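If you want the building blocks of each chain, they are given just below.
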Amino acid sequence: QVQLVESGGGLVQAGGSLRLSCAASGSISIVNVMGWFRQAPGRARELVATITSGGRTTYAAFLQGRFVLSRDNAKNTVDLQMNSLKPEDTGVYYCAAQGTLGSFDSWGQGTQVTVSS
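Now for a quick tour of the structure. (Residues numbered from 1 in each chain as written. Predicted model: local features only at pLDDT ≥ 70, side-chain atom pairs only at ≥ 80, totals over all residues. Heavy atoms only, no water.)

### Section: the sheet that holds strand β1 (residues 4-7)
Reasoning step 1: Strand order in the open sheet made by the four strands is β1-β3-β8-β7, with antiparallel pairing throughout. In the strand order of this sheet, the two ends are held by β1 and β7 (67-72), each with one partner. Direction aside, the axes of adjacent strands within the sheet are offset by 15° on average. (Pairing = 2+ DSSP bridges. Helix = DSSP H or I, 4+ residues; strand = E, 2+ residues; numbered from the N terminus. Axes fitted to C-alpha atoms, helices over the stretch in contact; angles between N-to-C directions.)

Dropping the structure here:
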């Protein structure tokens, strides 16, 4: 497992942008899939986006092209660029790494994103 630390959250007005960063304590080059999840108050945690070691990305349909996920295996970072933010994007955003059994088993502590209307 790797240790993950998220940063970059904050308060932003609707229509604004934020860039979240996930820093890993160990090498992520051996991790096939890295992902970002989010959890809004009173709701279940949901998948936002994933990226493979080769850079292939998948995004949740509700994003409608507003977010961009990138990965730097040399720097052991995974960044989530969030544009055209909406109040419904508010929540705690978590970075996660997929383990050898295929599930996401390493998680960061989360970073709060609040989008005001």
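Picking up after the structure, the text goes on.
### Some thoughts on the pairing of strand β11 (residues 111-116)
Reasoning step 1: Here β11 shows a clear split, with Thr111, Val113 and Val115 buried on one side and none of Gln112, Thr114 and Ser116 buried on the other.
Reasoning step 2: Note that strand β2 (residues 10-13) and β11 share four bridges and pair parallel. By the bridge assignment, Leu11 is partnered in β11 with Thr114.
Reasoning step 3: Relative to β11, strand β9 (residues 91-98) runs antiparallel, the two sharing three bridges. Looking at β11, one finds that Val92 is bridged to Gln112. (Buried < 20%, exposed > 50% of the residue type's maximum accessible area, 1.4 Å probe, protein only.)

### Quick notes on the state of the cysteines
Reasoning step 1: One pass over the full model with this rule turns up one disulfide.
Reasoning step 2: Sulfur-sulfur distance for the disulfide between Cys22 and Cys95 comes to 2.1 Å. A torsion of -75° about the S-S bond marks the disulfide between Cys22 and Cys95 as left-handed. Taken as a pair, Cys22 in strand β3 (residues 18-24) and Cys95 in strand β9 lie far apart in primary sequence, 73 residues in all.
Reasoning step 3: Cys95 sits in the buried class, given a relative accessible area of 0%. (Disulfide = S-S within 2.5 Å.)

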